[in-house]
Amino acid sequence: MQAITTIGLDIAKSVFQVHGVDSGGQVVIRRQLKRSYVLAFFQKLPPCLVGIEACASSHHWSRELQALGHTVRLMPPAYVKPYVKRHKNDAIDAEAICEAVSRPNMRFVATKTREQQGCLTLHRTRHLFIRQQTSVINAIRAHLAEFGIVAPVGRKGVEQLLNVAADAGDKRLPEVARACVTALGAQLQTLKAQILQFDRLIMAWHRSSEASRRLDDIPGVGPALATALVATVADPRAFRSGRNFSAWIGIVPKQHSSGGKERLGSISKRGDRYLRGLFVAGALAVIRYAKIHGTKRRPWLTALLARRHTKVAAIALANKIARMAWAMMAKGEHYKEPIALAA
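Residues numbered from 1 in each chain as written. Predicted model: local features only at pLDDT ≥ 70, side-chain atom pairs only at ≥ 80, totals over all residues. Heavy atoms only, no water.

Visitor: I'd love a proper account of the overall build of the protein, names of residues and values included.
Guide: On a plain count of helices and strands, the protein comes out with 14 helices and 7 strands. Here the C-alpha atoms of the protein give a radius of gyration of 26 Å, more than 25% beyond the 20 Å that 2.2 N^0.38 yields for 343 residues. Overall, the protein is about 80 × 60 × 45 Å in size when its C-alpha atoms are taken along their principal axes. A separation of at least 24 residues holds for 53% of the contacts in the protein among residues at least 6 apart in sequence. Taking the average place of the 52 positive charges on the side chains of the protein and the average place of its 23 negative ones, the gap between the two points comes to 6 Å. (Helix = DSSP H or I, 4+ residues; strand = E, 2+ residues; numbered from the N terminus. Rg over C-alpha atoms; globule rule 2.2 N^0.38 Å. Contact = heavy atoms within 4.5 Å. Lys, Arg positive; Asp, Glu negative; His and termini not counted. Charge placed at Lys NZ, Arg CZ, Asp CG, Glu CD.)

What follows is the structure, encoded as structure tokens:
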């Protein structure tokens, strides 16, 4: 047990798998651990390198093992998969993790703090309620459309439909259907109140974070995107450049280059889908504002909109915003307006 230097830990809900090697790469231990015995096992070991796939509950275990003096490295599962040898079980996965964590060119994921994970939980819960709200609205429209009752798209249209359901004198809607739509309307109001409450919590978290307030100064970045960035990106210096950061988000073209000939395809859409959606929404807001108030002070955006569709320009602008956000997070700087804007 004293010779173990590197461990691959395959985490799970109940039964974990350990694969440990010594400094020469020889296997020292292979065993299964029940969840309740994991920390007791690592307490008996001298400090060593522990590799874990960056998946559900991995940040919790990383913090717990670091508190015991171990060096923990989280890795994207896609980067561990090439080291898996035929078939798949927990022992083979743990061996692959142990091999991958020792590679000098492996990319690691920084461990998030409890506060960062709490903010992400806030964002994910709010996003879930928004999806449920959309689902309820679609159900209301679909049910009433079955009786020939339709309304314009938007909030006012939904209100018109709920007014029809609330009108007991409207005979187009059977009483059973009226009761169902009324129940959906009550659920919709509850969801709206919960979403509003989460918006307030996000704003409170935003005001308490200095980094989030700095990012809020970037055009196209609001409290929602700023807090999501601070909570998601534990260590911005893990990215070598702003382009690497935007590629991680998935707002750069795919590459199919070979033989010195560059071939760029469509946007990759890899990485964090939630962050990417917020960046694109922010870029569209900047473009919408520029179209209303003029784009003379933004020559780059003016030239781009002249030759590209609005949504294509939004992706390019989102890429630009992401690079600025990375630079500010990595260097701890404040937003500086371009010369064209400051003039």
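Visitor: Which residues make up the nonpolar core, and what values go with them?
Guide: In terms of nonpolar packing, the biggest core is built from 35 residues, with Leu215, Ile218, Leu229, Phe245 and Phe279 touching the most fellow members. Taken together, the elements giving at least two residues each to this core come down to α9 (223-232), α10 (242-249), α11 (273-293), α12 (299-307) and α13 (310-331). Per-element tally for this core: the top contributor is α13, with 11 residues. Beyond its immediate chain neighbours, meaning those up to four positions away, Ile218 contacts Ile321, Met324, Ala325, Met328 and Tyr335. Of all hydrophobic cores here, the second largest spans 21 residues; its members include Phe129, Val164, Leu173 and Ile202. (Core = buried A, V, L, I, M, F, W, Y, C linked by side-chain atoms within 4.5 Å. Buried < 20%, exposed > 50% of the residue type's maximum accessible area, 1.4 Å probe, protein only.)

Visitor: Describe in detail the side chain of Glu53, supporting the description with residues and values.
Guide: Within the secondary structure, Glu53 sits in strand β4 (residues 49-53). This buried residue, Glu53, is left without a salt bridge; Lys88 holds the nearest opposite charge, at 7.0 Å. Discounting chain neighbours no more than four positions away, the residues touching Glu53 are Asp10, Ser58, Met75, Pro77, Val80 and Ile97. (Salt bridge = Lys/Arg side-chain N within 4 Å of Asp/Glu carboxyl O.)

Visitor: Account for the sheet that holds strand β5 (residues 71-75), with residues named and values stated.
Guide: Taking strand neighbours across the sheet as the criterion, the 5 strands line up as β3-β2-β1-β4-β5 in an open arrangement whose pairing is mixed. A strand with exactly one partner marks an edge of an open sheet, and here the two such strands are β3 (27-34) and β5. Adjacent strand axes in the sheet meet at a mean angle of 20 degrees, parallel and antiparallel pairs treated alike. Pairing analysis gives 4 bridges linking strand β1 (residues 6-10) to β4, with the strands arranged parallel. For Gly8, the partnering residue across the bridge sits in β4 and is Gly51. Across the face of the sheet, helix α2 (residues 58-67) comes into contact with β1, β2 (15-21), β4 and β5 while running at roughly 165 degrees to β5. (Pairing = 2+ DSSP bridges. Axes fitted to C-alpha atoms, helices over the stretch in contact; angles between N-to-C directions.)

Visitor: Summarise the pattern of salt bridges; cite the residues concerned and give the values.
Guide: Under the defined criterion, the tally for this structure stands at 7 salt bridges. Asp199 is paired through a salt bridge with Arg126; the nearest N and O atoms lie 2.5 Å apart. One end of the pair, Asp199, is in helix α7 (residues 175-208); the other, Arg126, is in helix α5 (residues 114-145), with 73 residues separating them in the sequence. Judged by its relative accessible area of 30%, Asp199 is partly exposed. In this structure Arg126 comes out as buried when scored by relative accessible area, which is 18%. A salt bridge links Asp170 to Arg172, with the nearest nitrogen and oxygen atoms 2.8 Å apart.

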